[in-house]
Amino acid sequence: MDKIIYVVGFGPGDKQFMTMQAVEIIEQADLIVGYTTYTDILKAQFPDKKYLSTPMRKETDRCRLAVEKALEGNTVAMVSSGDSGIYGMAGIMLEIADEMQANVEIVTVPGITAASTAASVLGAPLMHDLSLISLSDLMTPLELIFRRVEAAASADFVISLYNPKSRKRVDYLEKAADIIMKYRDKGTPVGIVRNAGRPDQKAWLTTLSELKNEPVDMFCVVIVGNSQTYIKNNRMITPRGYKINEQ
């Protein structure tokens, strides 16, 4: 099988945050396929490549296009920010290729996910067990999302919230915070990073009770600490449990 689609996670977008494998595949691919915002990011760093893009919510069309181009003999790189297998394109790409019964090899190329990038900016908030939850209900029922938030909160996971707020979903984050406060102190540290790993990156710290007042949008990652998370020297730290005072 020589027809191949690489599903590439390119991290936040800047080449310094891309894996060597991701850079090599993008450079060698005949065609880069992706959501318009993602291809625009890559065009600045790989200007000589050939690109095909589709708007948001056209994921299945994008995957079918990638399969068609691969079957024509092109080596295709299907790109998305973050990690291709964490809220990325790897799953739907595999599903569409199977639906089309396409004789195409699908190779998943990992990248730095938004939670990892945001955590590195905030300090070390993800040092213990954690949960990644998207508050977007485009493909997941809101009731199920909040059940997952409650389960993670009751189990004392550090919780990283993706897609925390949009123009239509103005109160989902506040409701999620209220659920978490059933199990955690209202002063629990929360870190927010907007455009993590990008030139206009912003990061700040708040508390669980104040989260509803913060200027959060779709470009933010919100990390809620567990019961042991604390702030020291403006850094968010979740202890792993090491006995650091023992000789």
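Please refer to the structure placed before this passage.
Residues numbered from 1 in each chain as written. Predicted model: local features only at pLDDT ≥ 70, side-chain atom pairs only at ≥ 80, totals over all residues. Heavy atoms only, no water.

(A) Main features of the packing of helix α3 (residues 59-71) against helix α4 (residues 90-99). Taken N-terminus to C-terminus, the directions of α3 and α4 make an angle of 60°; their axes are 9 Å apart at the nearest point. One element, α3, and the other, α4, form an angle in the oblique class. In terms of crossing hand, the pair formed by α3 and α4 is right-handed. Listed contacts from α4 to Thr-60, Cys-63, Arg-64, Ala-66 and Val-67 of α3 are Ile-92, Met-93, Ile-96, Ala-97 and Glu-99. Partitioning the contact of α3 with α4 into residue classes produces 7 nonpolar, 1 polar and 2 charged. (Axes fitted to C-alpha atoms, helices over the stretch in contact; angles between N-to-C directions. Helix = DSSP H or I, 4+ residues; strand = E, 2+ residues; numbered from the N terminus. Parallel < 35°, antiparallel > 145°, perpendicular 65-115°, else oblique. Left-handed = near helix turned anticlockwise from the far one by under 90°. Contact = heavy atoms within 4.5 Å. Nonpolar A, V, L, I, M, F, W, Y, C, P; charged D, E, K, R; others polar.)

(B) Spotlight on the pattern of salt bridges. Inspection of every chain in the model, using the stated rule, returns 7 salt bridges. Between Asp-171 and Lys-175 there is a salt bridge, and its shortest N-O distance comes to 3.3 Å. Judged by relative accessible area, Asp-171 falls into the partly exposed class, the value being 28%. (Salt bridge = Lys/Arg side-chain N within 4 Å of Asp/Glu carboxyl O. Buried < 20%, exposed > 50% of the residue type's maximum accessible area, 1.4 Å probe, protein only.)

(C) Region of interest: the pairing of strand β7 (residues 130-134). Relative to strand β8 (residues 158-162), β7 is paired through 5 bridges, and the arrangement is parallel. Residue pairing for β8: Ser-131 is matched across the bridge by Ile-159. With respect to chirality, the unit in which β7 leads through helix α6 (residues 142-154) into the neighbouring parallel β8 is right-handed. (Pairing = 2+ DSSP bridges. Right-handed = clockwise from strand over helix to strand, strands pointing away.)

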